[in-house]
Amino acid sequence: MSTAPHHPKTRTPSVAQLRAFLAVAEHRHFREAAAATGTSQPALSGAVAALEDTLGAQLLERTTRRVIITPLGERVAEHARRVLGSLHSLTEAVEAARRPFTGPLHLGVIPTVAPYLLPAVLRLVRDRFPALELHVHEERTPALTEGLATGRLDVLLLALPAGGTTATRDIPLFDEDFVLLTPPGHPLAGRTDLPRDALLDLDVLLLEEGHCLRDRTMDICREAGADPTAGTTRIAGLSTLVQLVAGGLGVTLLPATALDVEAGRSDRLAAARFAAPAPGRRIGLATRPGSARGEEYDHFAAALKDVLRDLPVRIAD
């Protein structure tokens, strides 16, 4: 007599377990994932271990330096993104139906935008939408798009197109030019008709990987025929990059909205402006397609355009 194979009873993962695992899958590091989710590292590790036990499968390879996601773990991560995204859409729909512009709003912002636009955003929320509970998350683009897909974040303020592994609905806010930041004695300092091929012979300093401004700078250099990877300097923050320029270590491309904050009060820095059409970037909001709060985000974007008109930008139609 044959006996049917025994299969263990399937258990359902918890939302907390899925969120913990996705945070680790996103950051590839337990400490960084714990900081991003506001939990302790032991609690995060325990939740991931509980998920592996629930599924009866190894999702991660833990090493002393970093975390490696197994092939099965990558597949589980994709399913988890869809599950958490759907769950957030449910709660979002209920929230939107109760009353617009109320309750929590988790706004993700890239580091090369946050210091220069957040004051205007905060004033707007305080004056026009006082019932919103705004939570600001400053992270690089890959982490932001991941957070949007899983429902951890509601709307993003970043360079468009947002990109990422999932589709977004992008709402353009404005276009801004880049300026070339140099030491004051540099041959190009103060010029207002700079051709793009002037970048050919320059040591252009870059932010480290993960910043969309780095990617855009590299694209502009390549379009001019320059090799943006020739240098070895990689900086984590824009303010530090500006200080290196002031110290004579090279030049960099700076968004126009950052110029006054980062270089306006220094006599060790000068700016050169490109001839039209100048290289630049488009800044806007990104949301999930079909979000129940989509109409709110459109109104928020329109109001935000009004308060940004005094900046050195071109407001999008």
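Residues numbered from 1 in each chain as written. Predicted model: local features only at pLDDT ≥ 70, side-chain atom pairs only at ≥ 80, totals over all residues. Heavy atoms only, no water.

**Let's talk about the pairing of strand β5 (residues 155-160)**
Thought 1: Summarising burial for β5: six of the six residues are buried, a large majority.
Thought 2: With five bridges joining them, β5 and strand β11 (residues 280-287) adopt antiparallel strand pairing. In the sheet register, L157 faces β11, and the bridge partner there is L285. (Buried < 20%, exposed > 50% of the residue type's maximum accessible area, 1.4 Å probe, protein only. Helix = DSSP H or I, 4+ residues; strand = E, 2+ residues; numbered from the N terminus. Pairing = 2+ DSSP bridges.)

**Here's the deal with the layout of surface pockets**
Thought 1: Roughly 310 Å³ of internal volume is contained in the second largest pocket.
Thought 2: The wall of the second largest pocket is formed by 16 residues, among which A16, R19, A20, A23 and T37 lie closest to the centre.
Thought 3: Elements with a minimum of two residues in the lining of the second largest pocket: α1 (15-27), α3 (41-55) and α6 (141-150).
Thought 4: Per-element accounting of the lining of the second largest pocket gives the leading share, six residues, to α1.
Thought 5: Its residues assigned to classes, the lining of the second largest pocket shows eight nonpolar, four polar and four charged. (1 Å grid on protein atoms, 1.4 Å probe; cavity = no way out; pocket = protein on both sides within 12 Å on 5 of 7 lines; lining within 4 Å. Points joined across faces, edges and corners; volume = space filled by probe spheres on them. Nonpolar A, V, L, I, M, F, W, Y, C, P; charged D, E, K, R; others polar.)

**Re the nonpolar core**
Thought 1: The biggest cluster of nonpolar side chains holds 39 residues, and the ones touching the most others in it are L157, L285, F300 and L304.
Thought 2: Of all the elements in the fold, those that place two or more residues in this core are β3 (103-109), α5 (114-128), α6, β5, β6 (169-182), β11 and α10 (294-308).
Thought 3: No other element matches α5, which puts seven residues into this core.
Thought 4: With residues up to four places along the chain from it excluded, the contact list for L285 reads V155, L156, L157, L160, R169, D170, I171, L173, Y297, F300, A301 and L304.
Thought 5: In this structure, L180, L188, A258 and L269 belong to the second largest nonpolar core, which totals 31 residues. (Core = buried A, V, L, I, M, F, W, Y, C linked by side-chain atoms within 4.5 Å. Contact = heavy atoms within 4.5 Å.)

**Observations regarding the environment of H29**
Thought 1: Along the chain, the position of H29 falls in the loop between α1 and α2 (30-37).
Thought 2: Each C-alpha atom, one on H29 and one on R65, is 8.3 Å from the other, the two residues being 36 residues apart in sequence.
Thought 3: Each residue touching H29, except ones within four places of it in the same chain, is listed here: V24, R65 and V67.
Thought 4: Here the side chain of H29 touches R31 through a polar contact of 3.2 Å, landing on its backbone nitrogen. (Polar contact = N/O pair within 3.5 Å; in protein donor to acceptor, adjacent residues only side chain to side chain.)

**Comments concerning α6**
Thought 1: Of all 10 residues making up α6, nine are buried, and the element is well covered by its neighbours.
Thought 2: Among the residues of α6, T141, A143, L144, T145, E146, G147, L148, A149 and T150 are the ones counted as buried.
Thought 3: Note on α6: the residue one or two positions beyond its end, G151, has a positive phi of about 90°.

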